Amino acid sequence: MEIQLIRTYHKGGVNGVLLMEGTVLCRTIELPWQNNQPRVSCIPEGKYILRRRHSPRFRDHFEVMDVKDRKYILFHAGNDAGKELRGCIAPVLQHTGEGKGSSSRAALDRMKDRLYPLMDNGHPITLNIKKAEQ
């Protein structure tokens, strides 16, 4: 199963749309592109495997695997990329500005509701990150 993250780049942050089987699953926010520098940049476009992850801080969430020169790139809740993200991706239900959104916990729950059952049944999930067509 492949899900697509279609990004729109802005100076203040990256806004995206996460598609599953051509349908909008949620929207996303990220830090602006800063040449893939750890903790200050979104990750490069490309294909990555998603896996389930649990931590005391973020509880149940997702990890983006095998990102070149990066580690612990997560999908976790956050409504302001500049204040809450260090290179990770936050799902949101709607965008409220560049790299800002709302209802992130609800968006993450939606992702888990749709993707965890597939993962639990042995279906790998590929994340394909692309730039939006102008």
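Worth saying up front: this structure is predicted, and the values here are computed from it rather than measured.

Explain the packing of aromatic side chains here, please?
Note on aromatic pairs: each is described by the distance of the centres and the angle between the planes. According to the stated counting rule, one finds 1 aromatic pair in the structure shown. Of note, Arg 52 hangs over the ring of Tyr 116, and the distance from its end group to the ring centre comes to 3.6 Å.

What exactly am I supposed to notice about the environment of Lys 112 here?
Considering the arrangement of structural elements, one finds Lys 112 in helix H2 (residues 104-120). Spatially, the C-alpha atom of Lys 112 lies 8.3 Å from that of Asp 60, the residues being 52 residues apart in sequence.

How do you make sense of the pattern of salt bridges when you look at a structure like this?
Where charged atoms of side chains with opposite charge meet at close range, the side chains can pair. Scanning the entire structure with this criterion turns up 7 salt bridges. The salt bridge partner of Lys 112 is Asp 109, with a shortest N-O separation of 3.5 Å. Remark: Asp 109 and Lys 112 occur in helix H2; sequence separation between them is 3 residues, near one turn of the helix. Residue Lys 112 is classed as buried on the basis of its relative accessible area of 18%. Residue Asp 109 is classed as partly exposed on the basis of its relative accessible area of 37%. In this structure, a network of salt bridges that share partners links the residues Arg 51, Arg 53 and Glu 63.

Where do I start with the environment of Ala 81 in this structure?
Of note, Ala 81 is situated in helix H1 (residues 81-84). Distance in space between the C-alpha atoms of Ala 81 and Cys 42 is 9.9 Å, their sequence separation being 39 residues.

What am I meant to see in the sheet that holds strand S10 (residues 125-131) here?
The strands making up a sheet associate through backbone hydrogen bonding, with each pair oriented either parallel or antiparallel. The strand order S6-S5-S4-S10-S1-S2-S3-S7 describes an open sheet built from 8 strands, whose pairing is mixed. Because the sheet does not close on itself, it has two edges, and the strands there are strand S6 (73-75) and strand S7 (90-92). When strand polarity is set aside, the average angle formed by the axes of neighbouring strands in this sheet is 35°. Alignment of strand S1 (residues 2-10) against S10, held across 6 bridges, turns out to be parallel. Paired with Glu 2 across the bridge in S10 is Thr 126. Sitting on the sheet, H2 is in contact with S1, strand S2 (13-20), strand S3 (23-30), strand S4 (46-55), strand S5 (59-64), S6, S7 and S10, with an inclination near 70° to S5.

Is there a simple way to think about unusual backbone geometry in this case?
With glycine set apart, most residues show a phi of negative sign, and most peptide bonds adopt trans. Although it is not a glycine, Arg 59 sits at a positive phi angle of roughly 60°. By the element assignment, Arg 59 lies in strand S5. Its relative accessible area of 56% is what places Arg 59 among the exposed residues. Here Asp 66, not a glycine, exhibits a phi torsion of approximately 55°, which is positive. As for its position among the elements, Asp 66 is in the loop between S5 and S6. Residue class for Asp 66 comes out exposed when judged on its relative accessible area of 70%.

Explanation requested: the nonpolar core in the structure shown.
Side chains that are nonpolar tend, in soluble globular proteins, to be buried together. Residues Leu 18, Leu 50, Phe 62, Val 64, Phe 75 and Leu 127 are the most contacted members of the largest nonpolar core, which totals 25 residues. At the level of elements, S1, S2, S3, S4, S5, S6, H2 and S10 are the ones that each hand at least two residues to this core. Among the elements that take part in this core, H2 stands out by supplying 6 residues, more than any other. In this structure, Leu 31, Phe 58, Leu 74 and Ala 81 belong to the second largest nonpolar core, which totals 9 residues.

Rules used in this analysis
- Residues numbered from 1 in each chain as written.
- Predicted model: local features only at pLDDT ≥ 70, side-chain atom pairs only at ≥ 80, totals over all residues.
- Heavy atoms only, no water.
- Phe/Tyr/Trp six-rings, centres within 6.5 Å; stacked < 30°, edge-to-face > 60°.
- Lys NZ or Arg CZ within 6 Å of the ring centre and 35° of its normal.
- Helix = DSSP H or I, 4+ residues; strand = E, 2+ residues; numbered from the N terminus.
- Salt bridge = Lys/Arg side-chain N within 4 Å of Asp/Glu carboxyl O.
- Buried < 20%, exposed > 50% of the residue type's maximum accessible area, 1.4 Å probe, protein only.
- Pairing = 2+ DSSP bridges.
- Axes fitted to C-alpha atoms, helices over the stretch in contact; angles between N-to-C directions.
- Contact = heavy atoms within 4.5 Å.
- Core = buried A, V, L, I, M, F, W, Y, C linked by side-chain atoms within 4.5 Å.

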